Amino acid sequence: KKDKKIVAITAAMPSGTGLSKMANLCPNQVFDVGIAEQHAVTFAAGMSTEGMRPFCAIYSTFLQRGYDQLIHDVCLQNLPVRFAIDRAGLVGADGATHAGIYDLAYLSCLPNMTIMCPSDEAELVHMTHTAAMYDYGPIAVRYPRGTGTGVLIPENPETLVIGKARVICEGENLAIVSIGTMLATCEEVIARLSENGAKCTLVDARFAKPIDTEILDKLCKTHSALIIVEEGAAGGFASQVMQYIVNSGHIDSHFRLRAVTLPDSVIDHAERNIQLEGVGLDANSILEQAESLISQNINMANSVHS
């Protein structure tokens, strides 16, 4: 209502993406192009060249259909198209055909692309506002199916600093870098580790691209172990972080690195919590990885002192 340049485009997903609500309020600013994701992406690109601020709202798994247009019509032209990527991550009973587990990998490799990953509904508000204000190239915000965590919705959204992570808590035994949906699970892991006396750092990456290299440099210098937790297939955020750490010379004899991601396999339909447990992205599985690294740290320190 405030900015008539903001338009929304979807490909036969107006109710699933919530755009039916916007269509009732702003009928002249919402376009449903039918089951034609390729056209939706190029349509958004064309509108952006005329000074509009298009939001292209498509499920993660269906955006794959418009990948050629995403590369050639948006990213290579560096056009400010906003992608609202629904159903990102595992989708419970919707099953393998709807699982949005590849977008972090297939978007991260594209030039000019900025990718935001909210950890709760308040972050989604800030990131949607940030996307609306971002006119420098393509930008995506990816969010999961299902309910949020229950945090208060901010009345005044913030414009986030692009590529800047946030530190949730600080310690020295272990650093955990979470992206998007996994923050609440990682907070549980940190709380359970603290019960055993471990003091750990938790970072909410916020951005899958560009990654916050400044905070990664600091973590590598102040910690001897790091876990990256991502609800996405290998090749996405964790791969970028590990590549940066390795290429920056942070890996040496005293530093160990683990990435906790989805496996390279098709995940069949089930309740989302059962899916997460099956692939090792539940709190118990991540806790086991964390305790293993902390135990190795203690053993190494004892051998050095002896």
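For the structure, see preceding data.
In what follows, the accompanying structure is described. None of the values given here were measured: they were computed from a predicted structure.

About the thresholds
Position labels on residues start from 1 in each chain and follow its written sequence. Per-residue local features of the predicted model are confined to residues with pLDDT of at least 70, and side-chain atom pairs are confined, for both listing and counting, to 80 or more; whole-chain, interface and lining totals are unaffected and use all residues. Processing note: side-chain calculations cover all non-hydrogen atoms of the structure and skip hydrogens and water entirely. Per the convention used, a helix needs a DSSP run of H or I reaching at least four residues, while a strand needs a run of E reaching at least two, with both numbered from the N terminus. All radius of gyration figures rest on C-alpha atoms, and the globule criterion is 2.2 Å times the number of residues raised to 0.38. Note on classification: 1.4 Å probe, protein chains only; a residue is buried when its accessible area is under 20% of the maximum for its type, exposed when over 50%, partly exposed between these limits. Only heavy atoms matter for contacts: two residues are in contact if any of them lie within 4.5 Å across the pair. Each accessible area is a Shrake-Rupley estimate made with a 1.4 Å probe; only the visible protein chains count as cover when residues are assessed. By the counting rule applied here, Lys and Arg register as positive and Asp and Glu as negative, while His and the ends of each chain are not counted. A single reference atom marks each charge: NZ on Lys, CZ on Arg, CG on Asp, CD on Glu. Whether two strands pair comes down to DSSP finding at least two bridges between them. By definition, the crossover connecting two strands over a helix is right-handed if that path, from the first strand to the second, turns clockwise as seen with the strands pointing away from the viewer. Simply put, an axis is a line fit to the C-alpha atoms, just over the touching stretch for a helix, and the angle between two N-to-C directions goes from 0 to 180 degrees.

**Quick notes on the overall build of the protein**
Across its full length, the protein holds eleven helices and twelve strands. Taken over the C-alpha trace, the protein has a radius of gyration of 20 Å; the compact-globule value for 306 residues is 19 Å, and the two agree within 12%. Along the three orthogonal principal directions, the C-alpha set of the protein runs to about 75 × 40 × 35 Å. Relative to its 306 residues, the protein shows a buried fraction of 51%. For the protein, restricting intrachain contacts to residue pairs at least 6 apart in sequence, the fraction spanning at least 24 positions comes to 78%. When the accessible surface of the protein is totalled, it reaches about 13900 Å², and 52% of it is carbon and sulfur. When the 22 basic and 34 acidic side-chain charges of the protein are each reduced to a single mean position, those positions are 6 Å apart.

**Describing the pairing of strand 6 (residues 139–142)**
The alternating pattern of strand 6 places Ile139 and Val141 and Ala140 and Arg142 on opposite faces, both of which are buried. Where strand 4 (residues 82–86) lies against strand 6, four bridges are found, and the strand directions are parallel. Following the sheet pairing, isoleucine 85 is matched in strand 6 by arginine 142. In this view, the connection linking strand 5 (residues 114–116) to its parallel neighbour strand 6 by way of helix 6 (residues 121–133) has right-handed handedness.

**So, the sheet that holds strand 12 (residues 256–262)**
Reading across from one edge, 7-9-8-11-12 is the order of the five strands in this open sheet, with mixed pairing throughout. Strands with a single pairing partner mark the edges of an open sheet, and in this sheet they are strand 7 (166–169) and strand 12. Within the sheet, the average angular offset between the axes of one strand and its neighbour, ignoring direction, is 20°. As judged from the four bridges shared by strand 8 (residues 174–178) and strand 11 (residues 225–233), these two strands associate in the parallel manner. Directly across from alanine 175, in strand 11, lies its bridge partner leucine 226. Its contacts with the sheet place helix 7 (residues 183–195) against strand 7, strand 8, strand 9 (200–204) and strand 11, and it is angled at close to 170° to strand 9. Its contacts with the sheet put helix 8 (residues 213–222) on strand 7, strand 8, strand 9 and strand 11, and the angle it makes with strand 9 is roughly 170°.

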